[in-house]
Amino acid sequence: MVTRIRAGDAGAYGALVARYRDRLARYAFHMIGDREDAEEALQDAFVRAYRSLERCDDPARFGAWLYGILVNRCRTTGARAARRRRMFVNDEDAIHGAAHPDQSERVEWADVVGRALARLGSEYREAFLLKHVEDMEYEEMAELTGAGVSALKMRVKRAREQLQRFLKEAEHV
């Protein structure tokens, strides 16, 4: 498909977007923590990939190449969103109303986990999500992030340790 797009078949890009959209959207949301910001990072990644498709050295590895673009966009968007969140108070309950009673425990747990993930440093969060949410092998993670396999293993280990500590703290609050 990359070859077809390079030859001028812009419609083929839609098929590539459809193929990768859900998986990349899930990663972006987990990495950034906000649907709108994640959507912005995802759209920006697709646009950048289309504009620079000639720089995709190995069309067979388009997915990994696109993932790398998204990782960088998430880093940039996440940093910008963090600065913006520091300026505004975000009260989800006030915005969306109280959760349904039968869903409250699940919503509360998801919120606790989300806050714990957000407390991780970006390198730890990124490594943890790639390994445990996206189920990637360390070699693939290394290719995407530019970090070494041993560094990534350490980041995932430290992320797990910190998450355990954060979740135990949350039980006592």
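Whatever comes next refers back to the structure up there.
Throughout, a residue's number is its position along its own chain's written sequence, starting from 1. For a predicted model such as this one, the threshold for reporting local features is a pLDDT of at least 70, and the threshold for listing and counting side-chain atom pairs is 80 or more; totals across whole chains, interfaces and linings nevertheless cover every residue. Heavy atoms throughout the structure, all of them, feed into the side-chain values; hydrogens and water do not.

1. Focus: the packing of helix α7 (residues 122-133) against helix α8 (residues 138-145)
Thinking step 1. Under this scheme, a helix contributes an axis fitted over its contacting stretch, all axes are lines through C-alpha atoms, and angles between N-to-C directions fall in the 0 to 180 degree range. Runs of H or I in DSSP of at least four residues are treated as helices and runs of E of at least two as strands, each being numbered from the N terminus. Two elements in contact, α7 and α8, have axes whose closest approach is 10 Å; the angle formed by their N-to-C orientations is 135°. When the axes of α7 and α8 are compared, the pair comes out oblique. Considering the relative orientation of α7 and α8, their crossing is right-handed. The residues of α8 that touch α7, namely those facing Glu126, Ala127, Leu130 and Lys131, are Tyr138, Met141 and Thr145.
Thinking step 2. Three classes are used: nonpolar for Ala, Val, Leu, Ile, Met, Phe, Trp, Tyr, Cys and Pro, charged for Asp, Glu, Lys and Arg, and polar for all others, with Gly counted as polar. Grouping the constituent residues of the contact of α7 with α8 by class yields four nonpolar, one polar and two charged. Here roughly perpendicular refers to angles of 65 to 115 degrees, roughly parallel to angles under 35, roughly antiparallel to angles over 145, and oblique to all remaining angles. Two helices that cross are described as forming a left-handed crossing if the nearer one is turned anticlockwise from the farther one by less than a right angle, and a right-handed crossing if clockwise. Any two residues having at least one pair of non-hydrogen atoms within 4.5 Å are treated as being in contact.

2. Some details on the pattern of salt bridges
Thinking step 1. A side-chain nitrogen of Lys or Arg and a carboxyl oxygen of Asp or Glu constitute a salt bridge if their distance falls within 4 Å. Counting across every chain of the model gives eleven salt bridges.
Thinking step 2. The partner of Asp9 in a salt bridge is Arg4, and the shortest N-O contact between them spans 3.0 Å.
Thinking step 3. Classification of residues uses two cut-offs on accessible area relative to the type maximum, computed with a 1.4 Å probe and protein chains only: under 20% is buried, over 50% is exposed, and between them is partly exposed. Note on Arg4: relative accessible area 45%, which makes it partly exposed.
Thinking step 4. When the shortest N-O distance is used, the salt bridge between Arg21 and Glu39 registers 2.7 Å. Of this pair, Arg21 sits in helix α2 (residues 11-32) while Glu39 sits in helix α3 (residues 35-51), and the two are 18 residues apart along the sequence.
Thinking step 5. Linked through salt bridges whose partners overlap, the residues forming this network are Arg23, Arg26 and Glu134.

3. Here's the deal with α8
Thinking step 1. Among all positions in α8, only Tyr138, Met141, Ala142, Leu144 and Thr145 are buried. Projection of α8 onto a plane perpendicular to its axis shows the buried side chains occupying an angular sector of 165°, all on one side. Looking at α8, the residues exposed on the side facing more than 90 degrees away from the buried face are Glu139 and Glu143.
Thinking step 2. Of the residues one or two after α8, Gly146 is the one with positive phi, at around 85°. Working note: the arc is built from the helix axis to C-beta atom directions.

4. Focus: the nonpolar core
Thinking step 1. By size, the foremost hydrophobic cluster in this structure holds 47 residues, and its most contacted members are Tyr13, Tyr27, Phe62, Tyr67, Leu70, Cys74 and Met141.
Thinking step 2. The source of the domain bounds is an automatic or database domain assignment. Counting the residues that make up this core, at least three belong to each of domain 1 (1-85) and domain 2 (97-173). Remark: nonpolar core denotes a set of buried residues (Ala, Val, Leu, Ile, Met, Phe, Trp, Tyr, Cys) joined through side-chain atoms within 4.5 Å.

5. Focus on the side chain of Arg155
Thinking step 1. Tracing the chain through its elements places Arg155 in helix α9 (residues 149-171).
Thinking step 2. Relative accessible area serves as the criterion here: at 17%, Arg155 is assigned to the buried category.

Nothing here speaks to function; it is all geometry.
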